[in-house]
Amino acid sequence: MKKILILLVCLTNSIIASYAQDTELTKEELKFRDAIELFLLEEGFSPTVDKEDNSLNFKKEGEDYWINVYGSSPTYIELHKTGFKMEDINRSNIMEACNKATFETRCAKAYIGLSGIDFSVEAYCYSVNDFTSIFYRAISAIDLVKKKTKNYYTELDK
């Protein structure tokens, strides 16, 4: 019994350690994220860093957005927006609505997460200027895919 308990503790610690390593940013990623943070500040947003996953969080018109940064040369950027909770929702209809909205919007994605529907735009950026040049178009695309998903789901759920 002791051996099993020790094994479980060791396994849990190794999982926690590997998760922590996965969320730590390299120097290049940190530099890129900091430059995005400065851009957001200059644009009038109030970004904060989520210490759990190192994402950069901000609000726009009362809605939550966050940015994840991965790798370098180019840097892979994920821009996310909060979506809908999946309480009392027809899973088949929401899946169809997500697929249809994503297909029509193309560059933005609607997808089913663990507890709800999330929206994102992903891009490879060689520089922060690449990111800043697409930022507002990416926000618009996310807003559009969210609106389309909601509309399609409403139509299907009648």
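Residues numbered from 1 in each chain as written. Predicted model: local features only at pLDDT ≥ 70, side-chain atom pairs only at ≥ 80, totals over all residues. Heavy atoms only, no water.

Caption draft 1: Quick look at the overall build of the protein. On a plain count of helices and strands, the protein comes out with four helices and six strands. Each helix (α) and strand (β) of the protein, taken in turn from the N terminus, gives the series α-α-β-β-β-β-α-β-β-α. Counting only residues that meet the buried cut, the protein has 33% of its 158 residues in that class. Within the protein, residue pairs in contact and separated by at least 24 positions form 58% of the contacts whose partners lie at least 6 positions apart. If you sum the accessible surface of the protein, you get close to 10,200 Å²; carbon and sulfur atoms cover 56% of it. (Helix = DSSP H or I, 4+ residues; strand = E, 2+ residues; numbered from the N terminus. Buried < 20%, exposed > 50% of the residue type's maximum accessible area, 1.4 Å probe, protein only. Contact = heavy atoms within 4.5 Å. Areas by Shrake-Rupley, 256 points an atom, 1.4 Å probe, with all protein chains shown as cover.)

Caption draft 2: Examining the packing of helix α2 (residues 27–42) against helix α4 (residues 128–156) more closely. The interhelical angle for the contact between α2 and α4, taken along N-to-C directions, is 40 degrees, at an axis separation of 10 Å. One element, α2, and the other, α4, form an angle in the oblique class. Two packed elements cross with a definite hand, and for α2 against α4 that hand is right-handed. Residues Phe32, Ala35, Ile36, Phe39 and Leu40 of α2 form the contact with α4, whose own contacting residues are Val128, Phe131, Thr132, Phe135 and Tyr136. (Axes fitted to C-alpha atoms, helices over the stretch in contact; angles between N-to-C directions. Parallel < 35°, antiparallel > 145°, perpendicular 65-115°, else oblique. Left-handed = near helix turned anticlockwise from the far one by under 90°.)

Caption draft 3: Examining the environment of Asp34 more closely. Note on placement: Asp34 falls in helix α2. Residue classification places Asp34 among the partly exposed residues on the basis of a relative accessible area of 34%. With 15 residues separating them along the chain, Asp34 and Val49 place their C-alpha atoms 9.6 Å apart.

Caption draft 4: The arrangement of the nonpolar core in detail. Residues Ile36, Leu40, Phe58 and Ile67 are the most contacted members of the largest nonpolar core, which totals 33 residues. Among the elements of the structure, α2, β2 (56–60), β3 (63–70), β4 (75–85), α3 (91–105), β5 (108–112), β6 (116–125) and α4 are those that each provide at least two residues to this core. Sorting elements by how many residues they give to this core places α4 first, with nine residues. (Core = buried A, V, L, I, M, F, W, Y, C linked by side-chain atoms within 4.5 Å.)

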